[in-house]
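Below, each chain spelled out in residue letters.
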Amino acid sequence: MSEPTTSDSKPCWRSFDSSAELDAALAAHLAGALRADIARRGAGSLALSGGNTPQAMFRALSREQLPWTEVALTLVDERWVDSGHADSNERLLRDNLLQNAAATARLAGLKTPHPRATEGEGEANARVAALPRPFTAVVLGMGGDGHTASWFPQAANLHRLLDSRGTDLVAATEPVTAPHARMTLTLPAVLASGEIIVHITGDEKKAVLGEAIARGYPIAAILQQTQPPVSIWWAPQ
Ligand SMILES: O=C1O[C@H](COP(=O)(O)O)[C@@H](O)[C@H](O)[C@H]1O
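Residues numbered from 1 in each chain as written. Predicted model: local features only at pLDDT ≥ 70, side-chain atom pairs only at ≥ 80, totals over all residues. Heavy atoms only, no water.

An unreviewed UniProt entry lists the protein chain under the name 6-phosphogluconolactonase, with Parahaliea mediterranea as the source organism. Among the UniProt annotations of the protein chain, the heading Function (unreviewed entry) holds the following wording: "Hydrolysis of 6-phosphogluconolactone to 6-phosphogluconate." (UniProt positions renumbered as here; feature names shortened; annotations may be inferred.)

This is how it looks when you write it as structure tokens:
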């Protein structure tokens, strides 16, 4: 299957023969970007996605040797569940990345103690605002429905999440087609990054990406960008 491009921009594709190769290369790439940022401004930061795709890459990244005490991590999006819940992206990050050499990195999660995600917006915004930004890198995943971050096609407030002139760094949303209310970075927060990496695997997601622009999937908001640079890292399942 060929690599889809958009009419306006051609995100750079990095295709690998296996997920294992992709995971090793992406972990090394992120570690290099963090080292460079720490050397340049004394701090590095990553906004990372949850879900199944990035878990092995997180474990590879956790073994990279770098000054992890100077690294701040946050999530691209979070499900509104306790941090010990099986569906918690924070739990996923703690279990897979905040281990080994990376155990000393600082994590600013998006889940607050508020019962409702909408009530946690102020605190979550303040947490993200306190991080070293622009992010060194943002790593996005993508669902089979073309959602990235927690920008779901059916969400009533999708417009707010994708408002490039909006001032909120995060916002609550109801995905409609997936469980749990969410807290998600907004488009302007994602764009305030040294680079954006879309990390996907499998032919199905490659095909979805190819349809994204034509069908107006939320990930099109990223694929159409030229600044910061966007690259797509892909391997077969
Ligand atoms: O719900 C979510 O799904 C996407 C994609 O996850 P995957 O399991 O298909 O890799 C993920 O990027 C996002 O962070 C997560 O909250």
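And the narrative resumes.
**Some details on the UniProt feature "domain: Glucosamine/galactosamine-6-phosphate isomerase" (unreviewed entry) in the protein chain**
The UniProt feature table records "domain: Glucosamine/galactosamine-6-phosphate isomerase" (unreviewed entry) at residues 18-225. Split by type, residues 18-225 is 36% helix and 16% strand. Its first and last C-alpha atoms lie 27 Å apart. (Helix = DSSP H or I, 4+ residues; strand = E, 2+ residues; numbered from the N terminus.)

**Details of the site of the ligand**
Near the ligand you find 14 residues, and of these Asn52, Thr53, Asp77, Arg79 and Lys205 are the closest. Contact between the ligand and Arg79: an oxygen atom at 2.9 Å from a side-chain N or O atom of the residue. In this structure, an oxygen atom belonging to the ligand sits 3.2 Å away from a side-chain N or O atom of His147. Alone, the ligand offers 400 Å² of accessible surface; in the complex the protein occludes 89% of this. (Near = heavy atom within 4 Å. Polar contact = N/O pair within 3.5 Å; in protein donor to acceptor, adjacent residues only side chain to side chain. Areas by Shrake-Rupley, 256 points an atom, 1.4 Å probe, with all protein chains shown as cover.)

**Structural notes on helix α4 (residues 121-129)**
Buried within α4 we find Glu121, Ala124, Asn125 and Val128. Taken around the axis of α4, the buried residues stretch over an arc of 100°, which confines them to a single face. Where α4 is buried, its residues meet β3 (71-75), α5 (158-161), β7 (170-173) and β8 (182-185). (Buried < 20%, exposed > 50% of the residue type's maximum accessible area, 1.4 Å probe, protein only. Arc of directions from axis to C-beta. Contact = heavy atoms within 4.5 Å.)

**Here's the deal with helix α3 (residues 89-96)**
Of all the positions in α3, only Asn89, Glu90, Leu92, Leu93 and Asn96 are classed as buried. Viewed end-on, α3 has its buried residues packed into an arc of 160°, placing them on one side of the element. Against the buried residues of α3 lie β2 (44-48), α2 (55-62), β3, β4 (77-79) and β5 (106-108).

**Some remarks on the sheet that holds β2**
Taken in spatial order, the seven strands of this open sheet run β1-β10-β9-β6-β2-β3-β5, and their pairing is parallel. Since the sheet does not close on itself, it has two edges, and those belong to β1 (12-15) and β5, each with one partner. Here the average twist between neighbouring strands, direction ignored, is 20°. In this sheet, strand β10 (residues 230-235) lies alongside β1 in parallel orientation, the contact comprising four bridges. Residue pairing across strands places Trp13 opposite Ile232, the latter belonging to β10. Running at roughly 145° to β3, α3 makes contact with β2, β3 and β5 of the sheet. (Pairing = 2+ DSSP bridges. Axes fitted to C-alpha atoms, helices over the stretch in contact; angles between N-to-C directions.)

**A short note on the confidence of the model for the protein chain**
Do not read the predicted coordinates in detail wherever pLDDT is low. Looking at the protein chain as a whole, its pLDDT mean stands at 95, while 96% of the residues score no less than 70. Of the two predicted TM-score estimates for the complex, the pTM is 0.96 and the ipTM is 0.98. (pLDDT = per-residue confidence, 0-100.)

**With respect to the packing of aromatic side chains**
Taken as a whole, this structure holds one aromatic pair when the rule is applied. Taking the centre distance of 5.7 Å and the plane angle of 20° together, the rings of Phe16 and Trp233 count as stacked. A residue pair is termed long-range when its members are at least 10 positions apart, and Phe16 in the loop between β1 and α1 (19-41) and Trp233 in strand β10 qualify at 217 residues. The pair formed by Phe16 and Trp233 is uniform in burial state, with each residue classed as buried. Here Lys206 stacks its cationic end above the ring of Trp234, 3.9 Å away from the centre of that ring. (Phe/Tyr/Trp six-rings, centres within 6.5 Å; stacked < 30°, edge-to-face > 60°. Lys NZ or Arg CZ within 6 Å of the ring centre and 35° of its normal.)

**Some thoughts on unusual backbone geometry**
Cis peptide bonds are those with omega within 30 degrees of zero, and the linkage from Arg133 to Pro134 qualifies with 0°. Phi is positive for Asn100, close to 50°, though the residue is something other than glycine. Among the secondary structure elements, Asn100 is positioned in the loop between α3 and β5. Look at Asn100 and you get exposed, because its relative accessible area is 51%. Positive phi, normally seen in glycine, also occurs at Val176, with a value near 70°. Mapped onto the elements, Val176 comes out in the loop between β7 and β8. Here Val176 falls in the exposed class, since its relative accessible area comes to 58%.

**Things to note about the pairing of β2**
When a strand is regular, its side chains alternate between the sheet's two faces. When you tally the buried positions in β2, you get five out of five residues, the bulk of the element. For β2 and β3, the ladder comprises five bridges, and the chain directions are parallel. When the bridges of β3 are listed, Leu48 appears paired with Leu75. Traced from β2 through α2 to β3, the parallel crossover comes out right-handed. Across three bridges, β2 lies against strand β6 (residues 137-140) in parallel orientation. Bridge pairing in β6 places Leu48 opposite Val139. (Right-handed = clockwise from strand over helix to strand, strands pointing away.)

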